[in-house]
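Single-letter residue listing:
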Amino acid sequence: MADAEFKNIIVTGAAGFIGSNFAHWVVDNQPDVHVTVLDALTYAGNRENLAGIPEKRLTFVHGDICDGPLVDELFKRADACVHFAAESHNDNSIANPAPFLRTNVEGTYTLLEAAHRHGTRFHHISTDEVYGDLALDDPARFTEETPYRPSSPYSSTKASSDMLVRAWVRTYGVKATISNCSNNYGPRQHIEKFIPRQITNILCGIRPKLYGDGLNVRDWIHTEDHSSAVWEILTRGRIGETYLIGADGERSNIDVLRSILAAMGKEPDDFDWVRDRPGHDRRYAIDSTKLRTELGWLPKHTDFAEGLAATIAWYADNEAWWRGAKEATEAKYAAQGQ
Ligand code: NAD
Ligand code: TDX
């Protein structure tokens, strides 16, 4: 079964944060699998993220998931596609939604059409944000049955792409699965995102920036645990099913920020309060019982303080990786009052 079934997989968006971590995970853990990366190298993509992967295990294609003929050519030679490519940042989607509609909706449509034509196994990477948010005092967590209620332009395009996958499964019999994961952290995350932004701010002598009242809750998972869960679903998941991925990591933003400050030798109030995100989701929380009971998956990185310390060390050791993007990223935030 399973692992031996896929010899050549396309991984879209693998020059980005989670996709590159997945590509490394596959190369390290599945010796018989060849990875073909399709990535447009937007501001969020970096070819360096795939450094260290032996050439014979990886083919890198610089291209757009909306490019139908290119996608068709790649699908002719692949057994499966794991689809990470997306515009992924909520704040960017609020400032300019257009690229989100194109990549997240039209791009997913283009891949689904190719999966249909070639009978290719397809796994779609989505987010818990499609379910909207929960109140801080609500004991509930998201499950596979929670109704869709996205809040931002980003999450509404991810919800749209999930709906396309479901429709292509039901109408055309495409062999697809979907996973909706919570907030990832770990190495190679773009410095526009919360955790790396604050770490690199401190490294640069800039005060960290906290939105609103700082009480919003995110459910953190280490990106390596996301990778192992995706592999389980790709190889053993039931076609047409959705699986939620989470590691019981609920934490308020202010708690996460204070953990970063403490780990980097700063005082608990060494940060600035800034303008809140419009429509800011209050709380995300994942119930991953289905994934754990059906596929036996368990996260390995259960010590958040340890994972955070390793992430801080990675940014401290890899300044050349992020330094070039820092000024422009902060200038964009400053223009938004954030
Ligand atoms: P990212 O922004 O770091 O990387 C996105 C990658 O996609 C980049 O390499 C970029 O160049 C590529 N890309 C963008 N548009 C493209 C296009 N038109 N054609 C080809 N490539 C294109 O994103 P990420 O944080 O790694 O997220 C990856 C996926 O995981 C996304 O689908 C996102 O919705 C989902 N997700 C993310 C999180 C999280 O915490 N970051 C949580 C749950 C789900
Ligand atoms: O400087 C900041 N200060 C701050 O308080 C930034 C950048 C963020 N925040 C807050 C907003 C959120 O409550 O931190 C929280 C996390 O923010 P992001 O890193 O932007 O993540 P989020 O909006 O929760 O979305 C992430 O998880 C789900 C990913 O970016 C999405 O791609 C994924 O779908």
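Predicted model, so just to flag it, every value in this text is computed and none were measured.

Caption draft 1: Focus on the nonpolar core. Formed by 34 residues in total, the largest nonpolar core has its most connected members in Ile9, Phe22, Val26, Val35, Leu50, Trp231 and Ile245. Mapped onto this core, the elements with two or more residues apiece are β1 (8-12), α1 (17-29), β2 (34-39), β3 (58-62), β4 (80-83), α7 (223-236), β11 (242-245) and α9 (289-295). For Val26, the residues in contact, after removing those within four places along its chain, are Ile9, Val33, Val35, Arg57 and Trp231. By size, the runner-up hydrophobic cluster in this structure holds 22 residues, among which are Val61, Cys81, Ala85 and Ala115.

Caption draft 2: Layout of unusual backbone geometry. Phi angles above zero are rare outside glycine, and Leu41 is one such case at about 50°. With respect to the secondary-structure elements, Leu41 resides in the loop between β2 and β3. Phi angles above zero are rare outside glycine, and Arg188 is one such case at about 70°. Here Arg188 is to be found in the loop between β7 (184-185) and α6 (194-204).

Caption draft 3: Region of interest: the sheet that holds β1. Reading across from one edge, β3-β2-β1-β4-β5-β6-β11 is the order of the seven strands in this open sheet, with parallel pairing throughout. The sheet is open, and its two edges are formed by β3 and β11, each paired on a single side. For this sheet, the mean angle separating the axes of adjacent strands, direction not counted, is 20°. Alignment of β4 against strand β5 (residues 121-127), held across four bridges, turns out to be parallel. Residue pairing in the sheet places His83 in a bridge with His124 of β5. Of the strands in this sheet, β1, β4 and β5 touch helix α4 (residues 98-118), which is tilted by about 160° from β5.

Here is what the cut-offs are and how they apply
- Counting from 1, residues in each chain are numbered in the order their sequence is written.
- Both sets of labels track the order of writing: A upward for chains, 1 upward for ligands.
- Given that the model is predicted, a residue must reach a pLDDT of at least 70 before its local features are reported, and side-chain atom pairs must reach 80 or more before they are shown or counted; all residues, however, enter totals for whole chains, interfaces and linings.
- The basis for the side-chain values is all heavy atoms of the structure; hydrogens and waters are excluded.
- Here the nonpolar core consists of buried residues drawn from Ala, Val, Leu, Ile, Met, Phe, Trp, Tyr and Cys, with membership extended through side-chain atoms lying within 4.5 Å.
- Between buried and exposed lies partly exposed: a residue is buried under 20% and exposed over 50% of the maximum accessible area for its type, with that area taken using a 1.4 Å probe on protein chains only.
- Secondary structure elements are defined from DSSP: runs of H or I of at least 4 residues count as helices, runs of E of at least 2 residues count as strands, and each element is numbered from the N terminus.
- Two residues qualify as a contact provided that any one of their heavy atoms is within 4.5 Å of a heavy atom in the partner residue.
- We call two strands paired when DSSP finds no fewer than two bridges between them.
- Throughout, an axis means a line fitted to C-alpha atoms (over the contacting stretch in the case of helices), and angles, computed between N-to-C directions, take values from 0 to 180 degrees.

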